[in-house]
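# Examination of the molecular architecture
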Amino acid sequence: MGLFDKIKNAIWGSSNNNQVGYQRPQRSNYIPTYHIEDWQPKLKYPEYDKLFSLQKYLESIDLPKNIISQIIESKNVFGEAKRIITHVTEQVPLSEMCYHETVRIEKWIKLMALWESPSEYIFENTFKYILLRLSWMCHWDMLQQKALNDCGLNDILDACKQNDYKKVVSYFDNDILSCFALSHLKSKKSLVEAVSIGFDFLEMNTTHNGSAHGSFYNLFDKQQIKGLIGKIIESAYIYNKFSTKKLFFKEENYVSVNTDSLKYDVSKMKSIRGFYLPNVSDKDNITKDILQLNDFLLQATTLVRMFPNIQIDANDIEFRFDKVLPDESTEFCTFIYTPNTPTGKASKYPLKLGFYCKRTSNIQGEIEYLQNGEIGKSRIIIWHKGILYLVHILDKKGIKAITKIETTNKNGERITIYNANKKEGE
């Protein structure tokens, strides 16, 4: 099992396991039951600038500036945006079809919501999105007509069985669920009616097995899928954490970020699956940033007696500059760029580097950069002799220091073994 999967298991309790001799668990036959009432979402219809919000959305999905200008300046803005973001530019292998279709419909739903399309369209396509997301979670292969890995689906089935509503909805894009809830408010229909529209749409549009969603719906286990979809809607409304802040903006409330001050220029990087691959020319500077963390690893051994004496080796830092597969673990350096908060304010840390060390180091972590390009905070994750350690570092008024060190106990629970904010003996 790779370090990424080990750490994910220890922190989040994932069921994935690739160890030698490990037998993958059988698919759960549990069929969720659900109950839908005439619930109303805790959500207000937002005041927003349609074209401005569309522009910010198109920027967030990394469309080139010239393409965004082409869309905004066209006579049919909505039609042009739909044509560009839903157009398939290359042939997709059947084994990856569910992933690509899920990504495409996510974009399509958000576009429809911004342009105030009829609520029924949002209901229908949200159900299609959930169906495709479930097919992706079990790696549905259209060519072989079977699920290649049921672990992800087993996880959500278990969450449904435990009525863990928060965990159930965590598998889905909250913006999509919020668009559904917003359309529900706008439609003046009951939730029962909205759900019926969604299910009717699936029945009418899955009569053939030639599509990703049709193949999965008809050949997997239709009763289990229906139960899951109903439970997901129930969970979303009971959990009721809908938000429109990441999609709908008023221009006057939006703060632009000066990207010239950023240490690394993401506009010149390759964007894949919501993150950016570093340029080859950035490799040396990224390595220097990561190696700075060795000072804190050494300091940690003086703060916590049990902390391992371990250092990051420059040769262990993993980089990728080429294509990444849809379901490939991100066990290499990546950037995430979030210039604004969900409310449109400028982010304190607009750029985050995720790094991964291969071979013997067993270290990965994150470095978050301030708007001026300086390192603002970091987190180092170490897997050493079966024990997980997490070191948190923060820049306070120009001075970087360890604020907290965590580990896991025998039950896999995270515990704090050093806290800079607590006095000795507390």
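Predicted model, so just to flag it, every value in this text is computed and none were measured.

So, how was this worked out
- Residues numbered from 1 in each chain as written.
- Predicted model: local features only at pLDDT ≥ 70, side-chain atom pairs only at ≥ 80, totals over all residues.
- Heavy atoms only, no water.
- Helix = DSSP H or I, 4+ residues; strand = E, 2+ residues; numbered from the N terminus.
- Rg over C-alpha atoms; globule rule 2.2 N^0.38 Å.
- Buried < 20%, exposed > 50% of the residue type's maximum accessible area, 1.4 Å probe, protein only.
- Contact = heavy atoms within 4.5 Å.
- Areas by Shrake-Rupley, 256 points an atom, 1.4 Å probe, with all protein chains shown as cover.
- Lys, Arg positive; Asp, Glu negative; His and termini not counted.
- Charge placed at Lys NZ, Arg CZ, Asp CG, Glu CD.
- 1 Å grid on protein atoms, 1.4 Å probe; cavity = no way out; pocket = protein on both sides within 12 Å on 5 of 7 lines; lining within 4 Å.
- Points joined across faces, edges and corners; volume = space filled by probe spheres on them.
- Nonpolar A, V, L, I, M, F, W, Y, C, P; charged D, E, K, R; others polar.
- Pairing = 2+ DSSP bridges.
- Salt bridge = Lys/Arg side-chain N within 4 Å of Asp/Glu carboxyl O.
- pLDDT = per-residue confidence, 0-100.
- Arc of directions from axis to C-beta.
- Core = buried A, V, L, I, M, F, W, Y, C linked by side-chain atoms within 4.5 Å.
- Axes fitted to C-alpha atoms, helices over the stretch in contact; angles between N-to-C directions.
- Parallel < 35°, antiparallel > 145°, perpendicular 65-115°, else oblique.
- Left-handed = near helix turned anticlockwise from the far one by under 90°.

On to the overall build of the chain. Helix and strand counts for the chain come out as 14 helices and eleven strands. By the compact-globule yardstick of 22 Å for 426 residues, the chain fits well, its C-alpha radius of gyration being 23 Å. When each of the 426 residues of the chain is scored for burial, the buried share is 49%. At a minimum sequence separation of 6, the contacts of the chain that also span at least 24 residues come to 62%. Total accessible area computed for the chain in this model is approximately 21900 Å², and 47% of it derives from carbon and sulfur atoms. Positive and negative side-chain charges in the chain, numbering 56 and 51 respectively, have mean positions lying 3 Å apart.

Right, let's get into empty space enclosed by the protein. Summed over the entire model, instances satisfying the criterion amount to three cavities of 30 Å³ or more. There is about 60 Å³ of room inside the largest cavity. Every residue lining the largest cavity is listed: Tyr45, Ala113, Glu116, Ser117, Ile122, Cys179, Leu182, Ser183 and Lys186. Among the elements that make up the lining of the largest cavity, the one with the highest residue count is helix 9 (residues 174-187) (four residues). For the lining of the largest cavity, the per-class residue count stands at five nonpolar, two polar and two charged.

Our focus in this paragraph is the pairing of strand 7 (residues 363-369). Counted residue by residue, strand 7 has six buried out of seven residues, so it is predominantly covered. By the bridge criterion, six bridges tie strand 6 (residues 351-356) to strand 7 in an arrangement that is antiparallel. Paired with Tyr356 across the bridge in strand 7 is Gln364. Across seven bridges, strand 7 lies against strand 8 (residues 375-384) in antiparallel orientation. In the strand pairing of strand 8, Tyr369 is matched with Ile375.

This structure, assessed with the given rule, holds 16 salt bridges. Put simply, Glu318 and Lys358 hold a salt bridge, and the shortest N to O gap is 3.4 Å. In this pair, Glu318 sits in the loop between helix 14 (294-303) and strand 5 (334-337) while Lys358 sits in the loop between strand 6 and strand 7, placing the two residues 40 residues apart along the sequence. Judged by its relative accessible area of 31%, Lys358 is partly exposed. Among the ionic pairs, Glu406 bridges to Arg414, the shortest N-O distance being 2.9 Å. For Glu406, a relative accessible area of 7% translates into the label buried. A network of salt bridges, in which partner residues are shared, links Glu203, Lys222 and Lys226.

The next thing to look at is unusual backbone geometry. Here the phi dihedral of His139 falls at roughly 55°; this positive angle occurs in a residue that is not glycine. Structurally, His139 is set in the loop between helix 6 (119-137) and strand 1 (140-141). The phi torsion at Asn163 lies on the positive side, around 55°, for a residue other than glycine. Looking at the element boundaries, Asn163 is found in the loop between helix 7 (151-161) and helix 8 (165-170).

Scored by pLDDT, the chain comes out at a mean of 87, with 91% of its residues at no less than 70. Per-element mean pLDDT across the chain ranges from 41 in helix 1 (residues 3-12) up to 97 in helix 12 (residues 222-239). Within the model, the stretch residues 1-23 combines pLDDT values under 50 with 44 contacts to residues more than four positions away or in other chains.

Moving on: helix 13 (residues 283-291). Those residues of helix 13 that sit buried are Ile286, Thr287, Asp289 and Ile290. Buried residues of helix 13, seen end-on, are gathered within an arc of 160° and therefore sit on one face of the element. Every exposed residue of helix 13 that faces more than 90 degrees away from the buried side is listed here: Asp284 and Lys288.

If you look at the biggest cluster of nonpolar residues, it comprises 74 residues, and the most contacted ones within it are Leu58, Leu134, Ile156, Phe172, Ile229, Ile233 and Tyr237. Not counting chain neighbours up to four residues away, the residues in contact with Leu134 comprise Leu153, Ile156, Phe172, Phe216, Leu228, Ile229 and Ile232. Counting 33 residues, the second-largest nonpolar core is a separate cluster that includes Ile286, Leu293, Ala300 and Phe335.

Moving on: the packing of helix 6 against helix 9. Two elements in contact, helix 6 and helix 9, have axes whose closest approach is 9 Å; the angle formed by their N-to-C orientations is 150°. As summarised for this structure, helix 6 and helix 9 are arranged roughly antiparallel, according to the angle between their axes. Crossing handedness for the pair helix 6 and helix 9: left-handed. Contact residues: Ser119, Ile122, Phe123, Thr126, Phe127 and Tyr129 in helix 6; Ile176, Cys179, Phe180, Ser183, His184, Lys186 and Ser187 in helix 9. Residue composition of the contact of helix 6 with helix 9, by class: seven nonpolar, five polar and one charged.

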